[in-house]
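# Report on the structure
Here is what each chain is made of, one letter per residue.
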Amino acid sequence: GSLWGLPPATPSTRLTTQVRTQRTERASIQALPAPGFTTAAVAASEQSERLDVPLLEAIVATEAVKTDLPLYVCAARADGKAPHLLDVVTGPCAVLVGPEGGLTDDDLAAISAAKPDAVAVTLGPAVLRAETAACVALAFAGGALRDS
């Protein structure tokens, strides 16, 4: 499976700088571009007038998730038990979004073992496709940084 790591950049730029695909139980990783700068990323950066291009990193195992930034795992339903991503982002962070079907208990245990201070968050009541959830998570994290 895949788990997207989408860390917003510093508060001064508020842009995504890396995309990391995590291997999970449910996701099927088929043909992904080679790590590095992709043609699509370059084109998207030009279209949005960015001065930098997000870097696509190599696929890593879920138990190998590593970041020095606070980690928010979008793995919880909006049941009132987990905080909303908008309510917890206070600075640069890494946000992980699960694959279609969500993260399994084994995936969550591996993430917790690799990053014990990771926080499970919700993106709200809607069930989102993985690629939509990634966009929503980036928008929420960017919005939270804008207000900080």
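The sections below set out a description of the structure shown in this document. (Residues numbered from 1 in each chain as written. Predicted model: local features only at pLDDT ≥ 70, side-chain atom pairs only at ≥ 80, totals over all residues. Heavy atoms only, no water.)

## With respect to the overall build of the protein chain
Put simply, the test is: Comment: elements are numbered from the N terminus, with helices defined as DSSP H or I runs of at least four residues and strands as E runs of at least two. Note on classification: 1.4 Å probe, protein chains only; a residue is buried when its accessible area is under 20% of the maximum for its type, exposed when over 50%, partly exposed between these limits. Only heavy atoms matter for contacts: two residues are in contact if any of them lie within 4.5 Å across the pair.
What the protein chain contains, in helices and strands, is 4 helices and 7 strands. Across the protein chain, helices and strands are ordered from the amino to the carboxyl terminus as β-β-α-β-β-β-α-β-α-β-α. Going through the 148 residues of the protein chain one by one, you find that 40% of them count as buried. For the protein chain, long-range pairs separated by at least 24 residues make up 70% of all intrachain contacts whose partners lie at least 6 apart in sequence.

## Considering the environment of glutamate 63
Here glutamate 63 is to be found in the loop between β4 (60-61) and β5 (71-74). Accessibility expressed as a relative area gives 54% for glutamate 63, which makes it exposed. Sequence spacing of glutamate 63 and alanine 114 is 51 residues, and the spatial spacing of their C-alpha atoms is 5.7 Å. Not counting residues up to four positions away in its chain, the partners in contact with glutamate 63 are Ala110 and Ala114.

## So, helix α3 (residues 105-114)
Selection criterion: The reported arc concerns the directions from the helix axis to the C-beta atoms and nothing else.
When we look at burial in α3, the residues that qualify are Asp107, Ala110 and Ile111. What you see down the axis of α3 is that its buried residues fit within an arc of 100 degrees, all on one side. Facing away from the buried side of α3 by over 90 degrees, the exposed positions are Asp105, Asp106 and Ala113.

## Structural notes on the pattern of salt bridges
Under the convention used in this document: The working definition used for a salt bridge is a side-chain nitrogen of Lys or Arg within 4 Å of a carboxyl oxygen of Asp or Glu.
Counting across every chain of the model gives 2 salt bridges. Note that lysine 115 is salt-bridged to aspartate 117, the shortest N-O span being 3.7 Å. The residue arginine 129 makes a salt bridge to glutamate 131 at a minimum N-O spacing of 2.9 Å.

## Quick word on the environment of alanine 64
Within the secondary structure, alanine 64 sits in the loop between β4 and β5. Between the alpha carbons of alanine 64 and alanine 110 there is a distance of 8.1 Å; along the sequence they are 46 residues apart.

## Some points on the environment of valine 73
Within the fold, valine 73 resides in strand β5. In this structure the C-alpha to C-alpha distance between valine 73 and valine 121, which are 48 residues apart in sequence, comes to 5.8 Å. Apart from residues no more than four positions distant in its own chain, valine 73 is found in contact with Leu96, Leu103, Leu108, Ile111, Ala118, Val119, Ala120 and Val121.

## Points about the nonpolar core
Here is the rule: Within this scheme, the nonpolar core is defined by two criteria: the residues are buried Ala, Val, Leu, Ile, Met, Phe, Trp, Tyr or Cys, and they are joined through side-chain atoms within 4.5 Å.
Core analysis: the largest hydrophobic core is formed by 15 residues, its most contacted members being Tyr72, Cys74, Leu85, Val89, Val95 and Ala137. Put simply, the parts of the chain that give this core at least two residues each are β5, α2 (85-88), β6 (94-97) and α4 (130-147). With 5 residues, α4 is the single largest residue contributor to this core. Discounting residues that sit within four places of it in the chain, tyrosine 72 has contacts with Leu85, Val88, Val89, Cys93, Ala94, Val95, Leu96, Val119 and Val121. Ranked by size, the runner-up nonpolar core spans 7 residues in total, among them Val65, Leu71, Leu96 and Ile111.

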